[in-house]
Amino acid sequence: MTNPPPGYGYPSDPQNPQNPYGQQPSSPQSGYGVPQGPYDPQPGYTHQPQPDYAQQAQPGYVAPPPGYPQQPAGYAPNPAYPQLPYWMTPPSPYGPPQPGSRTLASAADRFLARLIDAVILAIPVVILQIAVSATLGIWVTALVDGAIYFGYEALMLLTQGQQSVGKKAMKLRVVALADGGRPTDNQLVGRAAVFALPQAVYCLGSLFFLVNVLSLTWDKPLQQCFHDKAGKTVVVKEY
């Protein structure tokens, strides 16, 4: 009589009713005894911290001093103005400057400021020119003109916070190139002298005056006239 194969009606191990068919109990495989969550680290995995890209300085980049206006993220410093002083706010295409900032005064603003000053001085200068030229000649008249312009320029810069009437109207101010502060009295007087006293020389003084005021259009990047360079100053617009 042929015995039926195990697992087909008769238990192969009658001494072990819990395992009637003689199957070997399975043992948990190594590494799978405890269920792992979807975010549990795999065996042998070491967590690597991510670098802090916000703290890494880019090559060639120098952090601006405290209080310096920050440019929008993703934009490098303006390469067209690499030589501006650290204290000056560079031109920005992202909108008007923030209140309290100072930018380089434009040629148009400086011209309008000079025009306002010329209108203020026009009446006394014309009266003196008529009176002096009729009695002393045009050479002396030129000396008087130079003295008037020098006196007005020096007095206003020394006593009115480095501003003439025209500069106040246009929100312009003469400041020291080195640190953006008030220039010394000698610097302000020297600046006024180079601007005004050459006009005391008849004809040639007027030519020098014209070249001087136009020189800011080709002086880059600080747009300094000859009298600005003599006084080591720049003209800024305040917001």
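Residues numbered from 1 in each chain as written. Predicted model: local features only at pLDDT ≥ 70, side-chain atom pairs only at ≥ 80, totals over all residues. Heavy atoms only, no water.

1. Digging into the overall build of the protein
Worth spelling out the cut-off: We count a stretch as a helix when DSSP gives it H or I for four or more residues in a row; a strand needs E for two or more, and each element gets its number in order from the N terminus. Here's how the labels work: a residue is buried when its accessible area is under 20% of the maximum for its type, exposed when over 50%, partly exposed in between, all with a 1.4 Å probe on protein chains only. Should any heavy atoms of two residues lie within 4.5 Å, those residues are counted as being in contact. For the area figures, the Shrake-Rupley method with a 1.4 Å probe applies, and any residue is considered shielded solely by the protein chains shown.
Assigned secondary structure in the protein consists of 6 helices and 3 strands. In sequence order, the protein lays out its α and β elements as β-α-α-α-β-α-α-α-β. The buried share of the protein, reckoned over its 239 residues, is 27%. The contacts in the protein between residues at least 6 apart in sequence include a share of 60% that link residues at least 24 apart. Accessible area of the protein: about 16300 Å², with a carbon and sulfur share of 63%.

2. Here's the deal with the packing of aromatic side chains
Inclusion rule: By convention, a stacked pair of Phe, Tyr or Trp rings (six-membered ring in the case of Trp) has centres within 6.5 Å and planes under 30 degrees apart, an edge-to-face pair has planes over 60 apart, and any other such pair is tilted. Any Lys NZ or Arg CZ found within 6 Å of a ring centre and within 35 degrees of that ring's normal is scored as a charge over the ring.
Applying the stated rule across the entire model yields 3 aromatic pairs. Centroid distance Phe-208 to Phe-226: 5.9 Å. Interplanar angle 40°. Geometry classified as tilted. Separated by 18 residues along the polypeptide, Phe-208 in helix α5 (residues 204-214) and Phe-226 in helix α6 (residues 226-231) bring together distant segments of the chain. Across from the ring centre of Phe-195, 3.8 Å away, lies the NZ or CZ of Arg-114, which sits over that ring.

3. Quick notes on the sheet that holds strand β1 (residues 102-104)
In any sheet, the strands associate via hydrogen bonds between backbone groups, in a parallel or an antiparallel arrangement. Applicable threshold: Following DSSP output, two strands are said to pair if at least two bridges run between them. In this analysis an axis means a line fitted to C-alpha atoms, helices contributing only their contacting stretch, and an angle means the value between N-to-C directions, from 0 to 180 degrees.
One open sheet holds the 3 strands; their spatial order is β1-β3-β2, and the pairing between them is antiparallel. Edge positions in the sheet fall to β1 and β2 (172-176), since each has one partner strand and no second. Neighbour-to-neighbour, the strand axes of this sheet turn through a mean angle of 50°, independent of strand direction. With 5 bridges connecting them, β2 and strand β3 (residues 233-238) associate as antiparallel partners. Residue Val-174 lies in a different strand from β3, and its bridge partner there is Val-235.

4. Some thoughts on the packing of helix α1 (residues 107-135) against helix α2 (residues 138-159)
The following threshold applies: Handedness of each helix crossing follows the sense of rotation of the near helix against the far helix: counterclockwise by less than a right angle gives left-handed, clockwise gives right-handed. Under the convention adopted here, Pro, Cys and the residues Ala, Val, Leu, Ile, Met, Phe, Trp and Tyr are nonpolar, Asp, Glu, Lys and Arg are charged, and Gly plus all remaining residues are polar.
Between α1 and α2, the least distance of the axes is 10 Å, while the angle of their chain directions is 145°. At the point where α1 passes α2, the crossing takes the right-handed sense. Between α1 and α2, the residues in contact are Arg-114, Asp-117, Ile-120, Leu-121, Val-125, Leu-128, Gln-129, Val-132 and Ser-133 and Val-140, Thr-141, Val-144, Asp-145, Ile-148, Tyr-149, Tyr-152 and Glu-153, respectively. In the contact of α1 with α2, the residues fall into 10 nonpolar, 3 polar and 4 charged.

5. Things to note about the confidence of the model for the protein
Rules: Confidence scores per residue from the predictor, reported as pLDDT, run from 0 to 100.
Looking at the protein as a whole, the pLDDT averages 79, with 66% of positions reaching at least 70. By mean pLDDT, the top-scoring element of the protein is β2 (98), and the lowest-scoring one is α1 (91). Counted against residues more than four places away or in other chains, residues 67-78, with its pLDDT under 50, gives 12 contacts.

6. A closer look at the side chain of Thr-233
Among the secondary structure elements, Thr-233 is positioned in strand β3. Overall, the relative accessible area of 0% leaves Thr-233 in the buried class. Apart from the residues lying within four places of it in its own chain, the contact partners of Thr-233 are Val-174, Val-175, Leu-177, Pro-183, Arg-191, Gln-224 and Asp-228.

7. Focus on the environment of Pro-183
When you line up the elements, Pro-183 lands in the loop between β2 and α4 (185-196). The spatial distance from the C-alpha of Pro-183 to the C-alpha of Leu-157 is 9.7 Å, given a sequence separation of 26 residues. The contact partners of Pro-183, leaving out residues within four places of it in the chain, are Gln-162, Val-174, Val-175, Ala-176, Leu-188 and Thr-233.

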